[in-house]
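# Topology and contacts: notes
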Amino acid sequence: MLATETVIFVSLCYIGVLFGIAYYGDKRADSGRSIISNPYTYALSLAVYCTAWTFYGSVGRAASAGPSFLTIYLGPTLMMTLGWLVLKKIIRISKIHRITSIADFIGSRYGKSMTLGGVVTMIAVLGIVPYISLQLKAVSTSFSLIHQYPAIQPYSYPSGIRIWSDTTFYVALLLAVFATLFGTRNIEAAERHEGLVAAIALESMVKLVAFLVVGIFITFFIFDGFGDIATQAMAAPELRLLMTLPENAGAFSSWLAHIFLSMMAIVFLPRQFQVMVVENVNETHLTKAIWMFPLYLLAINLFVLPVAFAGLLTFGASHLEADMFVLALPMANQQFLLGLLVFIGGMSAATGMVILETVALSTMICNDLVMPALLHLPFLKPAQRENLSVILLSIRRLSIVLVLLLGYAYYHFAGEYYTLVSIGLVSFAAVAQFAPAMLIGIFWKGGTRTGALLGMTAGFTVWIYTLFLPSLAGAGLIPRDFLVNGPFGISMLRPFELFGLKVFDRITHAVFWSMLANVGCYLAGSLFSRQSVMEHTQAAMFVDIYRYVGRVHDSSVWRGTAYLPDLVLLLERFLGKERTEAALENYAMTHGINREQALTRDSGLVNHIERLLAGAIGSASARVMVASLVKEEPLGLEEVMDILDETRQAILYSHELERTTAELRAANQRLQELDRLKDDFISTVSHELRTPLTAIRSLAEILRDYPETPADRQSEFSGIIISETRRLTRLITQVLDFQKLESGRTRWQITRLDLETVIKDSVNATGQLIAEKNIDMRLHLPAKSHPIKGDRDQLIQALINLISNAVKFCDPQTGRIDIRLEYSADHLTLSVSDNGIGIGEADQKQIFDKFQQVVDPVRGRPAGTGLGLAITRQIIEHHHGELSVRSAPGKGATFYFSLPLDDASANHSA
């Protein structure tokens, strides 16, 4: 018998080499010299797909079902060679949005939903636990087998021994130590784990070399080549059947189901998403991986059938598990060193999967389960100054240990009853539930959060019922009567023959029903539910990701401003002071911004900070944290009630303004006329404020006094309250802006600027309003631009007012806005046109009168304060321009203005 110490010593030496590679990789990365920035390392890291299932289980599958073991490798080959455009799109989306995990990807696609991210995480954890137990089982079985060298004895499962006496338990803890050391060094989960990936690439080489060496030995040294093995197998009737392809419908459907599951697994297994997407250094590496990875799969499976037939010919129908033929054959031929190499290769296959899978799951657990709960705790409020990175790293490390212990528990209590392949297929079927929400979601904008939630919940429920619970019943953990007669004796609900369907095997049966429920509920939920503004925007940015290239980092899902020190403090608490300072400096340099003056008003900075936080705590949590500091954040019902108080104070402020103007009336005759105009102005503004306030107060009182109001009506009322509150906020802002313009207190910052950039920024700022109204926005910009001198922020405000005015009066069914910019020798002309009801000639004259008087609405068009147009007129006149209108009833209206070009530009164009 081989000494336990010898096997353990060799294993620890190998693990030590992995530690060294991982440490070296991280050190090189810290110094800016990456050792994984090449396509070959990338392709090898993808081979983490080949786990102990491949190294041991493929032989076991081939020994019982012949060529059908290939289905698990045909799927990834098809996905890499035919679906590489899909993979490239997923990688592009993830890089731009700093996606940290598959839960973050799906949650971000559907409006940065915390709930959806949490559901994905729970599915992933429960679905992957059996797969992790598979790896532990393979390590334990191979250790037990080689430990008894030269004898070959079947493995005794640890269900009857104490955990503290089980070697596998300590293997699980050792893997947890490795994963925590090299998988959770940085809080930013979107940052690459270069040392860990380098170690995974090395393990991929080790397991490939080990399997090829043992395959060559068995085929050409124990037997006399492929032909000899095939001849002896054909001579045995029971082996001849294993060399034929399936002909019946049931076997064919099983092939299709397994190919489908493996196609989905190469993308949706958390570890595969981690190495393929999150750890990707360069998108171009995918072009080499699409042929290198299938070539790797071909190489590692080249000797599977020869080894399987050699094992059956050598051991026959003995009690030795076919999964262990690859290790037992060298041992049976007294090849101790070769057996030790096979053991190391199998351990590489198992440990690589376990380490990377637990790292990926720990990120999901921290960001999508724990973090949303912690956001409600007082110590996470921005006012606090504690560094949270240590807390979050601790959560991730504890998550790794928890997942490994769950995997060990499944192995300890249920692993004895199932082969490696059957356990792996159960996990494949679980992660396939992500496919509809993710794949349909990146090509169809109509998918909604409700649809994704319903689809995954329905599919995963069917998976639990048809696969997970039966695996517990098979292990004796729940009554087996559940399998034989169905729950409560209802035979139509038997897990393996649901609704009387008997033509499929267990895996195919579960895949059929779970995907039918998933896709059906996803489509139904999406078609019968409405997207929020955030969902609509995220859907557009994911589906049309290539259209947003170069603009996504500067585009806003929602607009706002914040106090810079608060944002800096928020970043420092999660990223640390040094990384925060570097990130802000990089942003300022990239955008040509003076940090001391401009960052407090730069809405692009808010979105940049949100993306930085998303790399650490996930998109949904990052959005909540930033929104808590940003003005005009999305509001809930409680926040709406708070703003009602602010609105009442604004009305009191308007009355105070009225009293102030009454005092000014006595100053002189000129001021008396101004006072009369301001009285009219205050009256109109007060009316505009009171109208939505009445609606808000009424709906709020209904919600307070009638709590039994149906949920859909409550949701409708809340939506109206939020909409009207935002309207009030905009009105108050306009009042303050107009007062500053009228009083001369506006600080103008005149610089040389490009009006085309002003136009694009204004369109981005009104993107949410345009999306809500489903407006067709069209820009007509010249090929060459000429600079002007002006105040960038004020001109943006003027153009936003004109766009908002056009949106208000667009045709409600076929709304369209055209913005056109034209240059002449010494000036430019900008026009904003809508396709609304238009303005008569007499009304056009009154518009200009009202510009002077500020307050009266235009006849024939919906009433308003006129503040937007008044402010716009003031801004344009300050820039030596004039605001005009052209219109005819029923033909829309065009507001336009001209501004002088910069002297240098005018001379050049002339």
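For clarity, every value in this text was computed on a predicted model and none was experimentally measured. (Residues numbered from 1 in each chain as written. Predicted model: local features only at pLDDT ≥ 70, side-chain atom pairs only at ≥ 80, totals over all residues. Heavy atoms only, no water.)

Right, let's get into the environment of Ser-34. Here Ser-34 lies in the loop between helix H1 (4-30) and helix H2 (39-46). Residue Ser-34 is classed as partly exposed on the basis of its relative accessible area, which comes to 30%. For the pair Ser-34 and Gly-195, spaced 161 residues apart in sequence, the C-alpha separation works out to 9.3 Å. (Helix = DSSP H or I, 4+ residues; strand = E, 2+ residues; numbered from the N terminus. Buried < 20%, exposed > 50% of the residue type's maximum accessible area, 1.4 Å probe, protein only.)

This part covers the packing of aromatic side chains. To describe a pair of aromatic rings, you give the distance between the ring centres and the angle between the ring planes. Under the definition given, this model contains 26 aromatic pairs. Here the aromatic rings of Trp-463 and Phe-468 are separated by 5.5 Å at their centres, their planes lie at 25°, and the arrangement is stacked. Take Trp-463: its relative accessible area is 1%, and that puts it in the buried class. Three or more aromatic residues joined by ring pairs make a cluster, and in this case those are Tyr-49, Trp-53, Tyr-73, Tyr-131, Phe-293 and Phe-428. Its end group placed over the ring of Tyr-110, Arg-109 keeps NZ or CZ at 4.4 Å from the ring centre. Against the face of Tyr-896 rests Arg-886, its NZ or CZ located 4.1 Å from the ring centre. (Phe/Tyr/Trp six-rings, centres within 6.5 Å; stacked < 30°, edge-to-face > 60°. Lys NZ or Arg CZ within 6 Å of the ring centre and 35° of its normal.)

This paragraph deals with the sheet that holds strand E4 (residues 816-823). Within the open sheet, the five strands sit side by side as E2-E4-E5-E7-E6. Their pairing is mixed. Lying at the two open borders of the sheet, with one neighbouring strand each, are strand E2 (776-780) and strand E6 (882-887). Within the sheet, the average angular offset between the axes of one strand and its neighbour, ignoring direction, is 15°. Sheet topology note: the E4/strand E5 (residues 827-834) ladder contains seven bridges and is antiparallel. (Pairing = 2+ DSSP bridges. Axes fitted to C-alpha atoms, helices over the stretch in contact; angles between N-to-C directions.)

It is worth spelling out the packing of helix H4 (residues 71-82) against helix H14 (residues 285-300) at this point. Two packed helices can be described by the angle between their axes and the distance between those axes. Between H4 and H14, the shortest axis-to-axis distance is 9 Å and the interhelical angle comes to 160°. Classified by the angle between their axes, H4 and H14 sit roughly antiparallel to one another. Regarding H4 and H14, the two cross each other, and that crossing is left-handed. Taking contact as the criterion, the partners of Tyr-73, Pro-76, Thr-77, Met-80 and Thr-81 in H4 are, on H14, Leu-286, Ala-289, Ile-290, Phe-293, Pro-294 and Leu-297. (Parallel < 35°, antiparallel > 145°, perpendicular 65-115°, else oblique. Left-handed = near helix turned anticlockwise from the far one by under 90°. Contact = heavy atoms within 4.5 Å.)

Using the criterion set out here, one finds nine salt bridges in the structure. One salt bridge in this structure joins Asp-793 and Arg-792, with 3.3 Å as the shortest N-O distance. Between Asp-818 and Arg-816 there is a salt bridge whose closest N-O contact spans 2.8 Å. For Asp-818, a relative accessible area of 13% corresponds to the buried category. Through salt bridges with shared partners, one network takes in Asp-761, Arg-792 and Asp-793. (Salt bridge = Lys/Arg side-chain N within 4 Å of Asp/Glu carboxyl O.)

When pLDDT is averaged across the chain, the result is 78; 71% of the residues are at 70 or more. No element of the chain has a lower mean pLDDT than helix H30 (residues 637-664), at 46, and none a higher one than helix H20 (residues 435-440), at 95. Contacts for the low-pLDDT stretch residues 632-655, under 50 throughout, to residues beyond four places or in other chains number 34 contacts. (pLDDT = per-residue confidence, 0-100.)

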